[in-house]
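What follows is the residue order along each chain.
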Amino acid sequence: FIPREREEFKRVFHDYDEDKSGTIEVNELRKMLKDLGFIPLHAMINEALSIANRSGIGQLDFQEFVTFMAVYRRFEGFSTREVENIQDIFERFAEGQTALPPENLSSALVQIFGCHVSDIVDEMQDQLMSGRGLQKSSFTASTVLGGPKAEGLSFSEFLIFARKTREAAFKALKLGSGQLGIFEQADEDNSGKISMYELRKAMKNMGYTALKQNIDEFLAEVDKDNDRELDFGEFFDFMLLFKSREGFMQQDCDWMKELFYEFDQDNSGEVDALELADLMRELGYNVSLEEIRGLVLEVDSSGNNALDMPEFLRLMRLHRERELASILASFVEFAGSESGNISGNTLRCALEAHGYHMPPELVKDTSDYDFDAFVGLVDRCRADLVAREKKKAGFSDAKIERFGQLFNELDRDGSGSIDNMELLGLLKHFHWEPKSREEQLVLKEKLELAREKAKAAGATGPTVSGSDGISFWAFVQLARILETEHDHAEEERMNSLMVKLNFTQKEVEEFRVIYVDKKKAIVGEGEDLDLLDGLPRQAIRRLLYLINIEVKGERRSRLDEELERLGCDENGRLDFFGFLELMRFIIDSGWIEAE
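Fair warning: this is a prediction, and the values are worked out from it, not measured in the lab.

> Sorry, what's going on with the overall build of the protein chain here?
If you tally the helices and strands in the protein chain, you get 26 helices and eight strands. In terms of principal-axis extent, the alpha carbons of the protein chain reach across some 95 × 70 × 50 Å. Of the contacts made within the protein chain by residues no fewer than 6 positions apart, 61% connect residues no fewer than 24 positions apart.

Below you can see the structure in the form of structure tokens.
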């Protein structure tokens, strides 16, 4: 340490050595660290104490205190375990180099702390890219970056940015957005500690439904005195951990991370909308590609129409909150309040209101269920339902019904299967029929794969390899294979059109939201959007009116001419590709300003 730092340590040490014994109590360290301007974190305090206070007597002399501070600050205040994780992320975003490219700083820091720091780290990256980035660390003798050109970051310099990110999160928690900080707002009884009641209420105000089992896991990591109350330091530890995992338990995070990389088919470290659609279907959610794109737009901070792991975790949190809100509505309807209980017949009715049946083994169960226990039961019922419904391949009930009607028209003998010629007729209905000998051979391979998938999903019928017929559920799996291929082809077409029309990915997705919302208004909320293959001309006119684009007089004539050119006559439909071309025409005509 430099002499000035050592003198400051000595001053604070003597202030806390009230009996002038030459020692201080270990339990005073958190307050001392605050006085010295450091963030007191449990993990790092314990690690530093294990080295500085080997006697374990609960007291430190001045030299032990100096050793404690040296250990505490050696890695910018991060524990060895944290540094190992940061090192892994640094190496991944350094892309095989010894220095981290400045343009990767924000993404790397979000990987460490989660999406809640996005605004903080985006600003840091902007400063770094403009040459204003890194000032000398108060912890290390790191080289100062500056000048007109931003250079790559060494690992020690990256650690400084990680430390600054944590400090900014600490400051935000301490100051909040109003007169009182978040901790002070949560501490309703002004006890200096956050009770479990206050914690759950604070989490709810932040948009989280904090279930008891989740809170208990986080408490086990931060509540070192096991009093189930959090002082400010413990509260900060709790919030940092909770937000970095988006409120999920560690085993759930690990499982979602494994699932994420399983569906990251190109090993890019991101999942695009098509990969995410496959992933959500694996989880048992019947969501359309349009809905998936809307979800991506909601959390995609980079605007590249793909999600990295923290963004995916954030999406799953938003999805989970909507799910929990629905479960809570069912619970309150029968329990009377969030704090109530349900059992017996009332429990059965609450489950049925949420779309599930009582598990047979619980029919005679008379136990009381509070909200947390009810959520656990609903999750269990949903997991069972997902396993049973995998044969639907992620299609909605309306789509399955439509498939069934068409299939049964061809299955005249009611055998549950159709032959290959009948299958070709069915495929033609969806414009999926093979158009060459090569495509026929490829289709045969897809049929075999579809039969295997149907069998794996628990479907019955003629699904065995080499069968001449194809069962309904094997056809459903084939439809998913073919529809996914179609989606990939549409994605390539969209990429080419974006270049041609000079639209950004973000602009395209914003236009898509407008287009899909209009489709929903026509077919009805919750209905299958595929039932409408485009917007009719009159719907286009109304849509333009709703977004404040007037098409009277000469404009109306020009609009009709453009719609004719795009293949949308009075009886036609305009698909999304045509809609984008129309929006480019409108912008170029000066009817609307491009934002």
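> Even after reading the chapter, I still don't get empty space enclosed by the protein, so can you show me in this structure?
Left-over empty space is what a probe sized like a water molecule reveals as it rolls over the atoms. Applying the stated rule across the entire model yields three cavities of 30 Å³ or more. The space that makes up the largest cavity amounts to roughly 80 Å³. Lining the largest cavity are ten residues, and of these I39, E76, G77, R163 and R166 sit closest to its centre. Considering each element in turn, the lining of the largest cavity owes the most residues, three residues, to helix α8 (residues 155-175). Partitioning the lining of the largest cavity into residue classes produces five nonpolar, one polar and four charged.

> Is there a simple way to explain the layout of surface pockets in this structure?
In this structure, the second largest pocket occupies an estimated 1300 Å³ of space. What lines the second largest pocket is a set of 36 residues, and nearest its centre among them are N85, I112, L241, S244 and R245. Mapped onto the lining of the second largest pocket, the elements with two or more residues apiece are α3 (42-52), α5 (80-93), α6 (105-113), α11 (212-222), α12 (232-244), α13 (250-263) and α16 (309-335). In terms of residue count, α5 provides more of the lining of the second largest pocket than any other element does, eight residues in total. When grouped by side-chain class, the residues that make up the lining of the second largest pocket number 17 nonpolar, seven polar and twelve charged.

> I'm lost on the packing of aromatic side chains in this one. Help?
For any pair of aromatic rings, geometry is given as the distance between the ring centres together with the angle between the planes. Tallied over the full model, the rule gives 30 aromatic pairs. Their ring planes at 90° and their centres at 5.0 Å tell us that Y208 and F242 sit as a pair that is edge-to-face. Of this pair, Y208 sits in the loop between α10 (196-205) and α11 while F242 is found in helix α12, placing the two residues 34 residues apart along the sequence. The pair formed by Y208 and F242 is uniform in burial state, with each residue classed as buried. One aromatic cluster in this structure is built from F395, F403, F407, F430, W432, F472, W473 and F475. Above the face of the F248 ring, R317 is positioned so that its terminal group lies 4.5 Å from the ring centre. One Lys or Arg, R493, reaches over the ring of F577 and ends 3.7 Å from the middle of that ring.

> How should I be thinking about the pattern of salt bridges in this particular structure?
Think of it this way: side chains of opposite charge can pair up when their charged atoms draw near. Counted under the stated rule, the structure contains 42 salt bridges. Across the salt bridge formed by K193 and D227, the nearest N and O atoms sit 2.8 Å from each other. Here the residue K193 occupies a position in the loop between α9 (182-186) and α10, and D227 occupies one in the loop between α11 and α12, the gap between them amounting to 34 residues. Classification of D227 as partly exposed rests on a relative accessible area of 30%. Between R320 and D379 there is a salt bridge whose closest N-O contact spans 2.8 Å. Linking R320 in helix α16 with D379 in helix α18 (residues 371-389), this pair joins segments that are 59 residues apart in sequence. Looking at D379, the relative accessible area reads 27%, which means it is partly exposed. One salt-bridge network, in which partners are shared between bridges, spans R537, R541, D560, E564 and E570.

> I would appreciate a short explanation of unusual backbone geometry in the present structure.
For residues that are not glycine, phi is negative in most cases, and the peptide bond is trans in most cases. Residue A393 is not a glycine yet carries a positive backbone phi of 55°. Within the secondary structure, A393 sits in the loop between α18 and α19 (397-410). A residue is classified by how much of its surface remains accessible, and A393, at 10% relative accessible area, is buried. Located in the positive-phi region is N548, a residue other than glycine, with phi close to 65°. Topologically, N548 is positioned in the loop between α24 (537-546) and α25 (554-565). In this structure N548 comes out as exposed when scored by relative accessible area, which is 71%.

> Please explain the environment of A454 as it appears in this structure.
Mapped onto the secondary structure, A454 falls in helix α21 (residues 437-456). Sequence separation of A454 and R382 is 72 residues, and the distance between their C-alpha atoms is 20 Å.

> Looking at this structure, how should I read the confidence of the model for the protein chain?
Taken over all residues, the pLDDT of the protein chain has a mean of 84, while the share at 70 or more is 91%. Mean pLDDT in the protein chain bottoms out at helix α2 (residues 29-35), which sits at 78, and peaks at helix α26 (residues 576-588), which reaches 94. When the criterion is pLDDT under 50, residues 136-149 qualifies, and its contacts beyond four places in sequence or with other chains add up to 31 contacts.

> Could you clarify how one ought to interpret a negative patch on the surface in this entry?
A surface patch of like charges, here negative, comprises E18, D19, E25 and E28. Within the secondary structure layout, D19 lies in the loop between α1 (3-16) and β1 (23-25).

Cut-off values and rules
Numbering of residues begins from 1 in every chain and follows the order in which that chain's sequence is written. Where totals are concerned, whole chains, interfaces and linings use all residues; where local detail is concerned, this predicted model gives features only for residues with pLDDT of at least 70, and gives and counts side-chain atom pairs only at 80 or more. Side-chain figures throughout are based on the complete set of non-hydrogen atoms in the structure, without hydrogens or water. The way it works is that DSSP assigns letters per residue, a run of H or I at least four long becomes a helix, a run of E at least two long becomes a strand, and they are numbered from the N terminus. Any two residues whose heavy atoms approach within 4.5 Å are treated as being in contact. Throughout, the protein atoms alone are placed on a 1 Å grid, and a set of points is a cavity if a 1.4 Å probe fits but cannot get out or a pocket if it is open with protein on both sides within 12 Å along at least five of seven lines; lining residues have an atom within 4 Å of a point. Grid points are joined across faces, edges and corners, and a volume is the space filled by probe spheres set on the points. The classification used treats Ala, Val, Leu, Ile, Met, Phe, Trp, Tyr, Cys and Pro as nonpolar, Asp, Glu, Lys and Arg as charged, and all other residues, Gly among them, as polar. Stacked, edge-to-face and tilted labels apply to pairs of Phe, Tyr and Trp rings (six-membered ring for Trp) whose centres lie within 6.5 Å, assigned for plane angles under 30 degrees, over 60, and everything in between, in that order. Only protein chains enter the accessibility calculation, which uses a 1.4 Å probe. A residue is then buried if its area is under 20% of the maximum for its type, exposed if over 50%, and partly exposed in between. We call a charge positioned above a ring when the Lys NZ or Arg CZ atom is no farther than 6 Å from the ring centre and deviates by at most 35 degrees from the ring normal. Should a side-chain nitrogen of Lys or Arg be within 4 Å of a carboxyl oxygen of Asp or Glu, the pair is scored as a salt bridge. For every residue, the pLDDT score states the predictor's confidence, bounded by 0 at the bottom and 100 at the top. A residue counts toward a patch only above 30% relative accessible area and without a salt bridge, and it is joined to like-charged neighbours within 9 Å or, for Val, Leu, Ile, Met, Phe, Trp and Tyr, to nonpolar neighbours within 5 Å. For the area figures, the Shrake-Rupley method with a 1.4 Å probe applies, and any residue is considered shielded solely by the protein chains shown. For the purpose of charge, His is not counted, nor are the chain termini; Lys and Arg are scored as positive and Asp and Glu as negative. Charge positions come from single atoms, namely NZ of Lys, CZ of Arg, CG of Asp or CD of Glu.

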